[in-house]
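Structural overview for review
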Amino acid sequence: MARARIQLPPGVEPPKALVKKPRLVKQGPIEPGLREGRGFSLGELEAVGLTPKQAMKLGLYVDKRRKSVHEWNVKALQEFLEKLRKAGVKI
């Protein structure tokens with residue numbers, strides 16, 4: 001049975017997870033930048049106080065394989081949750 005999603009207020013979209021691009025050996029020490037990831041890691045969700053089930057109900061993608069915790073993803077999740085609280089959505 002599918003999980004019931006929480007209805008998001010109009011104008012509030014779930015953020016996308018950003019991860020570092022893989023570094024190619026031939027490019028040397030050049031920082032390749034960021035790309036859109038498959039979802040937020042369990043550590044990033046834990047940092048903002050969400051469980052994977054709660055995150056999926058909010059429409060967030062969860063990548064259970066990824067171990068890294070990026071500050072920019074934690075900040076994006078905190079801003080998203082703050083918008084939901086201001087709109088009166090119960091989490």
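Below is a short write-up of the structure. On a predicted model such as this, the values are computed, not experimentally measured, just so you know.

Now for a nonpolar patch on the surface. Residues Leu18, Leu34 and Trp72 make up a contiguous nonpolar surface patch of roughly 240 Å² in combined accessible area. Within the secondary structure, tryptophan 72 sits in helix 3 (residues 71-86).

Turning next to the environment of glycine 88. Along the chain, glycine 88 turns up in the segment after helix 3. Here glycine 88 falls in the exposed class, since its relative accessible area comes to 61%. Spatially, the C-alpha atom of glycine 88 lies 18 Å from that of proline 15, the residues being 73 residues apart in sequence.

Let us look at the side chain of glutamate 44. Tracing the sequence through the fold places glutamate 44 in helix 1 (residues 42-48). Within the structure, glutamate 44 has its side chain in polar contact with the backbone nitrogen of serine 41 (distance 3.0 Å).

Quick look at the pattern of salt bridges now. Taken as a whole and assessed by the stated rule, the structure comprises three salt bridges. Across the pair arginine 66 and glutamate 44 runs a salt bridge, and its minimum N-O distance is 2.8 Å. Residue arginine 66 is located in the loop between helix 2 (52-57) and helix 3, and its partner glutamate 44 is located in helix 1; the two are separated by 22 residues in the primary sequence. Note on arginine 66: relative accessible area 13%, which makes it buried. Between aspartate 63 and arginine 65 there is a salt bridge, and its shortest N-O distance comes to 3.6 Å.

With that out of the way, let us pick up the environment of lysine 20. Following the sequence through the fold, lysine 20 ends up in strand 1 (residues 18-20). Look at lysine 20 and you get partly exposed, because its relative accessible area is 46%. Residues lysine 20 and valine 89 lie 69 residues apart in sequence; the distance between their C-alpha atoms is 32 Å. Once you skip the residues sitting within four places of it in the chain, lysine 20 turns out to touch Glu31, Gly33, Leu34, Arg35, His70 and Trp72.

Rules used in this analysis
Residues numbered from 1 in each chain as written. Predicted model: local features only at pLDDT ≥ 70, side-chain atom pairs only at ≥ 80, totals over all residues. Heavy atoms only, no water. Patch = residues over 30% accessible without salt bridge, like charges linked within 9 Å, V, L, I, M, F, W, Y side chains within 5 Å. Areas by Shrake-Rupley, 256 points an atom, 1.4 Å probe, with all protein chains shown as cover. Salt bridge = Lys/Arg side-chain N within 4 Å of Asp/Glu carboxyl O. Helix = DSSP H or I, 4+ residues; strand = E, 2+ residues; numbered from the N terminus. Buried < 20%, exposed > 50% of the residue type's maximum accessible area, 1.4 Å probe, protein only. Polar contact = N/O pair within 3.5 Å; in protein donor to acceptor, adjacent residues only side chain to side chain. Contact = heavy atoms within 4.5 Å.

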